[in-house]
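For reference, the chains in residue letters:
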Amino acid sequence: MILIDGKKAAAELRAELKEEVAGLKSKHNKVPGLTVILIGDLTPSQIYVRNKEKSANEVGLKSEVIKYPDSVEEKTVLEKIKELNSDETVSGILVQLPLPKHIDKQKVIEAINPSKDVDGFHPMNVGNLSSGYESSIPCTPLGCYLLIKKIEPNLSGKKAVVVGRSNLNGKPMTQLLLKENCTVTITHSKTKDLKAECLEADIIVAAVGIPELVRGDWVKKDAIVIDVGINKTDNGIVGDVHFDEVSKNAKALTPVPGGVGPMTIACLLKNTIECFKRSQK
Ligand code: GUN
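Quick caveat, the model's predicted, so the values are computed rather than measured.

Chemist: Please clarify how helix α6 (residues 139-151) should be interpreted in this entry.
Modeler: An α-helical turn contains 3.6 residues, so a residue and the one three or four places further along point in the same direction. For α6, which comprises 13 residues, the first-to-last C-alpha distance of 19 Å matches the rise-based estimate of 18 Å (1.5 Å per residue) to within 8%. For α6, the full list of buried residues reads C139, T140, P141, L142, G143, C144, Y145, L147 and I148. Turning to α6, the residues buried within the fold contact α1 (6-28), α7 (170-179), β7 (203-206), β8 (224-227) and α10 (260-279).

Here is the structure:
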């Protein structure tokens with residue numbers, strides 16, 4: 001079984017991006033800039049944002065974090081986004097989710113200029129991705145896609161099963177696999193026989209947030225299994241895949257932690273650089 005090392009893959013991607021940033025700096029005499037807006041004091045969000053900032057600095061991006069208290073008015077955030085949209089030194093804008101209840105998430109996402117939307121959450125980018133046009137691609141599915149391609153460069157005709165239909169992961173993951181000519185099944189909480197669906201799959205991407213849902217006898221020999229889950233349990237952090245069982249069957253599997261997570265942040269940096277390059281055209 002191949003244990004897919006997301007930490008190593010992310011470090012390799014960051015090294016490539018660092019070189020690319022150095023090249024862009026000498027060509028344009030400026031570097032891509034990433035601005036993250038963090039609202040409130042949720043610990044996981046703070047950790048994510050700190051890691052994003054650290055990685056951005058490591059590859060040579062200009063990085064800024066704007067923090068607001070939980071009580072900030074929606075209007076203040078929307079005004080700040082407007083200001084960042086017209087700031088030439090800002091290539092990418094990310095508003096860390098989740099947001100406090102009194103702030104309308106969709107309004108915030110739609111306020112970001114689609115050409116600076118490094119999350120790929122703006123409806124314009126969602127639409128462009130599903131139509132096969134150039135767009136920002138959500139970081140987690142992009143990270144999963146790059147890991148899958150490392151194991152199997154030619155995905156044409158493969159059967160892929162995506163477990164979970166979220167806008168963040170499941171739906172964009174489906175689009176990426178379709179683009180590679182996979183036959184894709186999206187499954188979710190109302191799917192009648194999830195095990196039977198998974199048993200058909202050459203590739204499984206589990207992104208539902210249910211601890212250890214995908215079991216060893218759900219997985220065909222030689223399947224590639226990507227675990228997007230990060231679930232807190234009494235036994236620590238576990239994924240959506242039963243690691244011990246599935247590792248006995250699958251051809252390749254991502255661990256949790258150390259699989260998809262590190263790739264998500266590296267892909268955010270990649271998206272920031274892509275936004276910068278498109279802005280210089
Ligand atoms: N919170 C958890 N994951 C993400 C993500 O990919 N983007 C943003 N903006 N917030 C998140």
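That shown, we press on.
Chemist: Whenever I open this one, the side chain of S45 confuses me. Can you help?
Modeler: Of note, S45 is situated in helix α2 (residues 43-58). Ignoring sequence-local partners within four residues, the contact set of S45 consists of L38, Q96, L97 and P98.

Chemist: Is there a simple way to think about the site of the ligand in this case?
Modeler: Taken together, the neighbourhood of the ligand is formed by L94, V95, Q96, L97, D119 and F121. One of the side-chain N or O atoms of Q96 is found 3.1 Å from a nitrogen atom in the ligand. Relative to its free-state accessible area of 280 Å², the ligand is covered by the protein chains to the extent of 82%. Taken together, the residues of the shell around the ligand break down into four nonpolar, one polar and one charged.

Chemist: Just to check I follow, could you spell out a nonpolar patch on the surface for this structure?
Modeler: A surface patch of nonpolar side chains, about 280 Å² in accessible area, is lined by M1, L3 and F243. Here M1 lies in the segment before β1 (2-3).

Chemist: Could you clarify how one ought to interpret the sheet that holds strand β2 (residues 33-39) in this entry?
Modeler: Strand pairing in a sheet takes place through backbone hydrogen bonds and is either antiparallel or parallel in direction. With parallel pairing, three strands are arranged side by side in an open sheet as β3-β2-β4. Whereas interior strands pair on both sides, the edge strands pair on one side only; in this sheet they are β3 (62-68) and β4 (92-95). Adjacent strand axes in the sheet meet at a mean angle of 15° when their direction is disregarded. Inspection of the sheet shows β2 paired to β4 by four bridges, in the parallel sense.

Chemist: What is the right way to read the nonpolar core from this model?
Modeler: Most often, soluble globular proteins keep nonpolar side chains buried together rather than apart. Formed by 47 residues in total, the largest nonpolar core has its most connected members in I148, M173, L177, I203 and I226. Looking at this core, the element that brings in the most residues is α10, giving nine residues. Once you skip the residues sitting within four places of it in the chain, I203 turns out to touch I148, L155, K158, K159, A160, V161, C182 and I224. V161, L194, I204 and A206 belong to the second-largest nonpolar core, a separate cluster that totals 16 residues.

Chemist: Quick question: what am I supposed to make of α7 here?
Modeler: Turning to α7, its buried residues are G170, P172, M173, T174, L176 and L177. Summarising the contacts, the buried residues of α7 are in contact with α5 (123-131), α6, β5 (159-163), β6 (183-187) and β7. Following α7 by one or two positions, N181 adopts a phi angle in the positive range, close to 70°.

Chemist: Can you help me understand the environment of E245 in this one?
Modeler: Structurally, E245 can be placed in helix α9 (residues 243-247). Leaving out residues up to four positions away in the same chain, E245 has contacts with R215 and G216. Here the side chain of E245 touches R215 through a polar contact of 2.6 Å, side chain to side chain.

Chemist: Please explain the pattern of salt bridges as it appears in this structure.
Modeler: Between side chains of opposite charge, pairing is possible as soon as their charged atoms come close. In total, this model carries 14 salt bridges according to the counting rule given. Where K277 meets E20, a salt bridge forms, and the shortest distance between an N and an O atom there is 2.5 Å. Note that K277 is positioned in helix α10 and E20 in helix α1, a separation of 257 residues in sequence. Relative accessible area serves as the criterion here: at 27%, K277 is assigned to the partly exposed category. According to the relative accessible area criterion, E20 is partly exposed, its value standing at 25%. Of the charged contacts, one joins D217 and K195 as a salt bridge, the two residues approaching to 3.4 Å between their closest N and O atoms. Of this pair, D217 sits in the loop between β7 and β8 while K195 is found in helix α8 (residues 194-199), placing the two residues 22 residues apart along the sequence. Since its relative accessible area comes to 33%, K195 is described here as partly exposed.

The rules behind each value
Residues numbered from 1 in each chain as written. Predicted model: local features only at pLDDT ≥ 70, side-chain atom pairs only at ≥ 80, totals over all residues. Heavy atoms only, no water. Helix = DSSP H or I, 4+ residues; strand = E, 2+ residues; numbered from the N terminus. Expected span 1.5 Å × (residues − 1). Buried < 20%, exposed > 50% of the residue type's maximum accessible area, 1.4 Å probe, protein only. Contact = heavy atoms within 4.5 Å. Near = heavy atom within 4 Å. Polar contact = N/O pair within 3.5 Å; in protein donor to acceptor, adjacent residues only side chain to side chain. Areas by Shrake-Rupley, 256 points an atom, 1.4 Å probe, with all protein chains shown as cover. Nonpolar A, V, L, I, M, F, W, Y, C, P; charged D, E, K, R; others polar. Patch = residues over 30% accessible without salt bridge, like charges linked within 9 Å, V, L, I, M, F, W, Y side chains within 5 Å. Salt bridge = Lys/Arg side-chain N within 4 Å of Asp/Glu carboxyl O. Pairing = 2+ DSSP bridges. Axes fitted to C-alpha atoms, helices over the stretch in contact; angles between N-to-C directions. Core = buried A, V, L, I, M, F, W, Y, C linked by side-chain atoms within 4.5 Å.

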